[in-house]
Structure formats: C-alpha cells, structure tokens
Amino acid sequence: LLLTPFLLVRVRMARTASPWPMISIEEATNTALSFVSPLPPQKMPLGQLQGRVLTEDVVSRETLPAVPTSIVDGYAVDSSDGPGEYPVIATPSRAGGAAASPMSKGSVCYVTTGGPVPEGADAVVMVEDTEKLGDGRVRINKAAQPRGMIREVGSDIEVGE
C-alpha cells in the first residue's frame with residue numbers, strides 16, 4: 001500500500017533483475033580507467049596553473065636565506081659585548097639589500113626584519129629592548145643570546161628540497 005495525502009493506492013512491486021552483472025568497485029574503476037590516459041605535460045605561466053596538477057616535483061635551486069638574516073627590527077650585536085652603550089655603524093642593513101659593512105667589537109648595526117646580519121655580529125637585539133641616545137649611539141638594555149633573533153642560512157629551504 002502506498003499512502004498519499006489524498007488517496008490510498010495499492011502498489012505491486014515487481015521483482016526485476018539487471019541485465020548487467022554486479023562487479024566490484026575495483027573492477028569498475030579499472031574498466032573506467034582503461035578508456036582514458038594521462039594528458040601530456042604542458043608548460044604554462046604561473047598565473048594559469050590553478051586547478052592543475054604538477055607532473056614533477058618542484059625543488060629549490062637556492063638555499064634560503066642565503067645569508068643569516070634578522071628575524072626582527074633591531075640592532076645586530078656581538079653577544080659577548082652585553083648590555084651597554086654602543087656606537088651605531090653608519091650603514092643600516094635592510095631586507096633585500098646588501099649586508100652592512102663588517103662590524104667591529106664594541107659597535108652595533110641597525111638591521112630591519114629580513115636584513116642581512118653584518119659580519120662580526122652573532123645576534124640581534126629587538127628594537128624594543130634598546131634606547132636611542134642620539135649622536136649615533138644606542139643603549140642595549142637586554143643581553144643577547146648567541147645566534148638569537150637570527151634566521152640561519154638554509155633555515156627556510158636548502159638546495160634540492
């Protein structure tokens with residue numbers, strides 16, 4: 001019996017059999033895949049790759065960063081100098097630019113986030129932990145840990161990764 005809002009109908013369900021045999025999902029998948037083949041690889045501009053699949057691994061040809069860089073805006077220091085007042089070398093080290101001139105012990109260099117750490121420095125002190133004194137000097141208020149606040153060479157990616 002089939003009940004509907006308006007009428008009661010007697011329905012006879014006939015047993016029917018499919019003319020096609022039942023097959024497994026694996027067999028059905030293999031049958032479908034036997035009718036298709038992969039498309040040949042294509043070289044395309046990066047902006048047109050959405051929705052596509054790579055045909056080979058993408059690997060780095062460069063180590064990144066290629067030089068030690070600062071994780072923060074601050075002052076590159078020799079961590080063994082400790083807190084105190086220091087002269088700031090004239091050329092700052094900025095992200096995307098060349099490293100500043102090498103530093104001598106007892107001096108510091110302003111460095112931006114991503115800027116190369118100058119030779120002679122082994123740490124960076126965050127700008128929040130410093131105080132500009134004027135006349136090209138700065139007070140470092142917090143001791144730096146060796147290699148502190150520095151992204152090391154290859155820390156993002158190595159050649160071949």
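Just so we're clear, the structure is a prediction, and the values are computed from it rather than from any experiment. (Residues numbered from 1 in each chain as written. Predicted model: local features only at pLDDT ≥ 70, side-chain atom pairs only at ≥ 80, totals over all residues. Heavy atoms only, no water.)

## Considerations on the overall build of the chain
So, step 1. Looking only at helices and strands, the chain features one helix and ten strands.
So, step 2. Counting helices and strands in the order they occur from the N terminus, the chain gives β-β-α-β-β-β-β-β-β-β-β.
So, step 3. Computed over the C-alpha atoms, the radius of gyration of the chain is 34 Å, more than 25% above the 15 Å expected from 2.2 N^0.38 for a compact globule of 161 residues.
So, step 4. The dimensions of the chain, computed from C-alpha atoms along their principal axes, are 100 × 50 × 25 Å.
So, step 5. Counting the 161 residues in the chain, one finds 23% classified as buried.
So, step 6. For the chain, the proportion of contacts with a sequence separation of at least 24, taken over those separated by at least 6, is 66%.
So, step 7. Split by element, the accessible area of the chain, about 12200 Å² in all, is 58% carbon and sulfur.
So, step 8. Side-chain charges of the chain comprise 14 positive and 19 negative groups, with the mean position of each set lying 14 Å from the other. (Helix = DSSP H or I, 4+ residues; strand = E, 2+ residues; numbered from the N terminus. Rg over C-alpha atoms; globule rule 2.2 N^0.38 Å. Buried < 20%, exposed > 50% of the residue type's maximum accessible area, 1.4 Å probe, protein only. Contact = heavy atoms within 4.5 Å. Areas by Shrake-Rupley, 256 points an atom, 1.4 Å probe, with all protein chains shown as cover. Lys, Arg positive; Asp, Glu negative; His and termini not counted. Charge placed at Lys NZ, Arg CZ, Asp CG, Glu CD.)

## Section: the nonpolar core
So, step 1. Core analysis: the largest hydrophobic core is formed by ten residues, namely Val 72, Ala 76, Ala 100, Met 103, Cys 109, Val 111, Val 117, Ala 121, Val 124 and Ile 150.
So, step 2. Not counting residues within four places of it along the chain, the set of residues in contact with Val 117 comprises Pro 68, Thr 69, Ser 70, Ala 76, Val 124 and Ile 150.
So, step 3. Tyr 86, Val 108, Val 125 and Ile 140 belong to the second-largest nonpolar core, a separate cluster that totals nine residues. (Core = buried A, V, L, I, M, F, W, Y, C linked by side-chain atoms within 4.5 Å.)

## Considering the side chain of Thr 69
So, step 1. The topology assignment puts Thr 69 in strand β3 (residues 69-70).
So, step 2. If we ignore the near neighbours within four places in the chain, the residues touching Thr 69 are Gly 114, Gly 115, Pro 116, Val 117, Met 149, Ile 150 and Arg 151.

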